[in-house]
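# Descriptive structure summary
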Amino acid sequence: MLRVGSNYYGVPTMMVEQVQRLKSDVLGAALGAQEITWQGARYPFHHLAKLLDAEDGVDDALPPYGSVVLLRSGPNRAAIQVDDILGGQEIVIKNIGPQLARVPGVTGAAVLGSGETVLILNPVALSLRHMEALAEVRAKAAESVAPEAEPTPAEPERQRSVLVVDDSLTVRKITGRLLSREGYIVLVAKDGVEALEKMREQVPDVMITDVEMPRMDGFDLTRSVRAEEALKTLPIIMITSRTAEKHRQHASELGVDVFLGKPYEESELLGHIATLARR
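Everything numeric here is computed off the predicted structure, so don't read it as measured data.

For the rest of this paragraph, the subject is the sheet that holds strand β4 (residues 35-38). If you walk across this open sheet you meet the five strands as β3-β6-β7-β5-β4, and the pairing is mixed. Two strands lie at the open edges of the sheet, namely β3 (16-23) and β4, each paired on one side alone. On average, each strand axis in the sheet is tilted by 30° relative to the strand beside it, whichever way the strands run. Pairing of strand β5 (residues 41-47) with strand β7 (residues 76-82) involves three bridges; the strand directions are parallel. Bridge pairing in β7 links F45 to A79. Seen against the sheet, helix α1 (residues 24-33) touches β3, β4, β5, β6 (65-73) and β7 and runs at an angle of roughly 120° to β3.

Here we come to the sheet that holds strand β8 (residues 84-85). By way of backbone hydrogen bonds, the strands of a sheet pair with one another, either parallel or antiparallel. Pairing in this open sheet of five strands is mixed, and the strands run β8-β1-β2-β10-β9 from one edge to the other. If you trace the sheet from one side to the other, it starts and ends with β8 and β9 (106-111), each paired once. Where strand β1 (residues 2-4) and β8 come together, two bridges link them in antiparallel fashion. Across the sheet, R3 pairs through a bridge with D84, a residue of β8.

As enumerated under the stated definition, the model contains eleven salt bridges in all. The salt bridge involving K198 is made with E194; its shortest N-O contact spans 3.8 Å. Of this pair, K198 and E194 both sit in helix α6 (residues 192-201), four residues apart, which is roughly one turn of the helix. The buried category is assigned to E194, whose relative accessible area is 18%. Here R223 makes a salt bridge to D220, at a shortest N to O gap of 2.6 Å. You can see R223 and its partner D220 sitting in helix α7 (residues 218-227), three residues apart, about one turn around the helix. Using a relative accessible area of 41% as the deciding quantity, one classes R223 as partly exposed. One network of salt bridges, in which partners are shared, links K190, E194 and K198.

The next point concerns the environment of L254. Here L254 is to be found in helix α8 (residues 245-254). According to the relative accessible area criterion, L254 is buried, its value standing at 16%. Note: C-alpha distance between L254 and L48 (206 residues apart in sequence) is 46 Å. Once you skip the residues sitting within four places of it in the chain, L254 turns out to touch F219, T222, R223 and R226.

Calculation criteria
- Residues numbered from 1 in each chain as written.
- Predicted model: local features only at pLDDT ≥ 70, side-chain atom pairs only at ≥ 80, totals over all residues.
- Heavy atoms only, no water.
- Pairing = 2+ DSSP bridges.
- Helix = DSSP H or I, 4+ residues; strand = E, 2+ residues; numbered from the N terminus.
- Axes fitted to C-alpha atoms, helices over the stretch in contact; angles between N-to-C directions.
- Contact = heavy atoms within 4.5 Å.
- Salt bridge = Lys/Arg side-chain N within 4 Å of Asp/Glu carboxyl O.
- Buried < 20%, exposed > 50% of the residue type's maximum accessible area, 1.4 Å probe, protein only.

In structure tokens, the structure reads:
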């Protein structure tokens, strides 16, 4: 749990690599360089209030000691200054509405024992969005100063979406939280029929599907997806306990891009998603 001004926020513990208390001179140097180096790795440095556009209630003067959290999400890192670090708490993360679900860096919400509602953040995703916005501003400034150079501004990367299809509520929740922490928009369906209905409304960047499901299993779902013009190029990752070679071969023939057996490594799954989502 973190505090900025009078507001409290949660960050998943698994993202936290290090918590530091920095003297004002070290803090000032980090602010000037806009980064911190720890164990040979570089962490872009920001105040959380700046990433949240909530700087009005934040004192600009450097404190004698500043609280900083070093975070990692996938291959990306960030160092975040906050007003206070309140330690760890076990909380139940609840889904948020569709409007907030599309905001990069907001992964859920929780109700504390005091009755207060707090947002659960992915500050690394917020950091990436902030740096992309700065790069775009600098590119436009360079363009206005020297238009003959015709610089190409870097466009902020679109937030990718992943559809998780599994008849297990537990699997949908666990996988959804993993993907939300990595900055993805998460869609869920309990079987192939519901998945097709959702994809006709919104086509995801990647689909993850189980095999054994009611009404329509993963093989039939894949066959249906490849038969629809609007979906036929959709990247498909199939995760199943049926790992015999005949099942793997059948999945390949239907057009499955990645076939993973249960249990799987989260890092491996995230790597495949990152590659397929940008195809």
